[in-house]
Structure formats: C-alpha cells, structure tokens
Amino acid sequence: MHVGKKTLSALMALTLTASLAACSASTPADTTPAATPSENLVQTSSTPSVDEEGAKRTEYPLTITTYNYNKEPVEYTFEKAPERVYAYAQDNIEILLSLGLADRIVAASGMDGEIAPELADEFAKIDYHEDTGVLSKEDLLALEPDFIAAWYSTFSDKRLVDFWHERSVGTYMALNSGCRGGSGTYQQTVADECQDILTLGMIFDVQDRAEALVAEIQGELDNISTYLADKDRLTVAVLEDEGGTYRVYGEDTLGGNVATSGGAELAVGKHGDNGNISAEDLIAANPDAIFMVWYNGYTVNDTDYAGEQVVELITENPAFASLDAVKNGRVFAINLNNVYCSGMRTLDGVLDFAQHLYPELYQ
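1. What to know about the packing of aromatic side chains
As enumerated under the stated definition, the model contains 13 aromatic pairs in all. A ring pair is formed by Y69 and Y152, whose centres lie 4.6 Å apart and whose planes are at 10 degrees; its orientation type is stacked. Remark: Y152 occurs in the loop between β7 (147–150) and α5 (161–165) and Y69 occurs in the loop between β3 (62–67) and β4 (73–78); sequence separation between them is 83 residues. Judged by centre distance (5.6 Å) and plane angle (80 degrees), the ring pair of F147 and F204 falls under edge-to-face. Taken together, the residues F147 in strand β7 and F204 in the loop between α6 (190–203) and α7 (207–227) connect sequence positions 57 residues apart. As far as burial versus exposure is concerned, F147 and F204 are alike and both buried. Through a chain of ring-to-ring contacts, three or more aromatic side chains come together here, namely Y76, F78, F147 and F204.

As structure tokens, this is what we get:
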C-alpha cells in the first residue's frame, strides 16, 4: 500500500537517523562530532512500504537529492529501479556488488586496487574496463545506461549531471568525493559512507540488505566505543608523505573520522587545520602511533612505497628516531581505499586503527 508523498518521509528519516547516528557514535567527545545524520538525509518523495514477508520495499517514483558539478544539490526522480548501471571507483563498484546488483552493472572502471576477496565471484560477472579511467561520454551513451554511480570528479565539464538527467539517466555522487565542497567546508564522516550504502539500497529497492551492511559497521563501532568508554585513547597522526612535508588526514577528512571511529585521538589535523605539516611539526606532536597512507603506484621522490614499505619513510628516517611511535613499534601502513571514499572498506579502515591500537580487544 502506498502511504502518500512527503518531501522527507518520516519512516525513512527514522531509519536513516538511527543507522547514521550509530555510524558516528564512536567519535571522541573532545573532537568535532561527525555530521548530524539529518544534515545528509536522502530527500525522497516516497515512503517505503513493507511486503507480506516484512521486507522494506521502495515505492516509486522516488526522488533523491544528489549534486551537480557546481557542487549544488539537485533532485532526480526514479520511476523504477535502475537496470543498466555504470559504476565508477572502488567504493561504488563494491557497494553495488555487496547489494547483489552485479546483473545491473553494464560497465565499470576506475578501481584503485584488487576487488575484495569475498566479492571476486560477483566481480567476475561484470564488464570491468581494466585500463580505463572514466569512460567517455560517447562510450557511455553507447551503453545506454539508466544510472551512473560515481565520484564528483567523474562529472567534468564533458560529463555534466544535467546532460544525463535530461536523458533520463540518474546519477549519484559519493558524498565524500568532494561533491559538497572540500574537507575544509564539509566534515567527511563514516556516517556519509553509511549514507551512500543506504541511498543506493533505496534506489535499487534492496533496503534491507543495505541496512544489514550498515549494521555490521555499527556493531563494530559500538564494540570499540564500549571498550574505550573508561580508557584513555592513544594519540595518532594519519599522514601521507608528499616528499618533505606530510599531508594530514585530520578531523575534517574521512581518514581522520575513520581513525577516531577506530579509537584514535588525533594528534594533528584538528578541526579547521587542514594544511600539511613539517617533520618538525610531527616531532613536536610526538603521537603514540603513526599511520602512513599508501595506494597503488604511490611513490616519494621516485621511490615506490606502495605497501607495507611505506612505514620506512618514518622508521628509517634518523630525524624521527626519538618519536614514541618509532621507539614503540607503532608505525603502520594504511591503504587509501580504507580512508577515502571507503564504501565497503570503511569497516576495514576502522579495524586497521582499532586492531593496531588496541590489539587486546581482538584477542
């Protein structure tokens, strides 16, 4: 039974508020809290119904709010669940596969690493363009998609959102891909990654599956938060070596929010302070632990550091010998996929921090 149209359905608001609040629950009290769920709720013109077996069902037409290339909110209405999807980037591909939607993906590209092992069989079913970045407008038109799940950067001046909407092709930009502005404008959060999962679940009428995926993240956040309720948190710096200075994944970035969700207290990169730091700044901060970000093809001064060897940028530098993190063996590598538009890797990122900082919790 259709229960009527609203700008924001009460039932959807209740579901997403509960789910997204949980995805933010482990942020330390002394840091800027994660974005309030109501700030990021999907705008929908339809209230979900419940079928005879108790499963939630999307009622179409469904209107969601996404963004255009000018970083302005725009609405798009789905008359039915998409059937021909182009998915760009690791997060969107893995979310759609985790939602059981491999048969809807007509093309995919833009992965930064190997597919998650548990998704390998589903990934083998899709047409993945191995050596291609974003497919050209012409190639996409030839595929006749009815939905594009991608990043802000996907929609350049040659692939504008309104171009696709005018052709009845829906779009969705991952919230943490910069579609609302940079990290200095909008704080990027684990809650946003949960929102992406829930939004795609609603668009494709697989809400129960999406909520189960978010509940798994929620459960681990609750576990960490409960464990640390009466304990001091270890201080952490999340860094990327840029050849002499260090990019900081601070409180305003997803990487920083993943770190605090995993039990860290950030030693550098407080709210509003998004600049690089020097070696001297790092020595002055002297965090308990350091996490060095890497990705496929990552190099520093023409040397390949893609993988665990990235820790050598700290541990093999004599200037850092006095750091507590070095002396106590708390310098770790973390893959960019786990701390930027992380999607299904969000839980992996949270566990990267929690398991290294508090191994006793997982014994």
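Structure's up, so let's keep going.
2. Regarding helix α12 (residues 346–357)
Between its first and last C-alpha, α12 extends 17 Å over 12 residues, near the 16 Å set by a 1.5 Å rise per residue. By the criterion of burial, α12 is predominantly enclosed, with 9 of the 12 residues buried. When we look at burial in α12, the residues that qualify are T346, L347, G349, V350, L351, D352, F353, A354 and L357. Of the surrounding elements, those touching the buried residues of α12 are α6, α7, β9 (235–241), α8 (254–261), β12 (289–294) and β15 (331–335).

3. Focus: the environment of L143
Examined against the element boundaries, L143 turns out to sit in helix α4 (residues 137–143). A C-alpha to C-alpha distance of 7.9 Å links L143 and A107, two positions 36 residues apart in sequence. If we skip the residues at most four places from it in the chain, L143 touches R84, V106, A107 and L135.

Parameters and conventions
Residues numbered from 1 in each chain as written. Predicted model: local features only at pLDDT ≥ 70, side-chain atom pairs only at ≥ 80, totals over all residues. Heavy atoms only, no water. Phe/Tyr/Trp six-rings, centres within 6.5 Å; stacked < 30°, edge-to-face > 60°. Helix = DSSP H or I, 4+ residues; strand = E, 2+ residues; numbered from the N terminus. Buried < 20%, exposed > 50% of the residue type's maximum accessible area, 1.4 Å probe, protein only. Expected span 1.5 Å × (residues − 1). Contact = heavy atoms within 4.5 Å.

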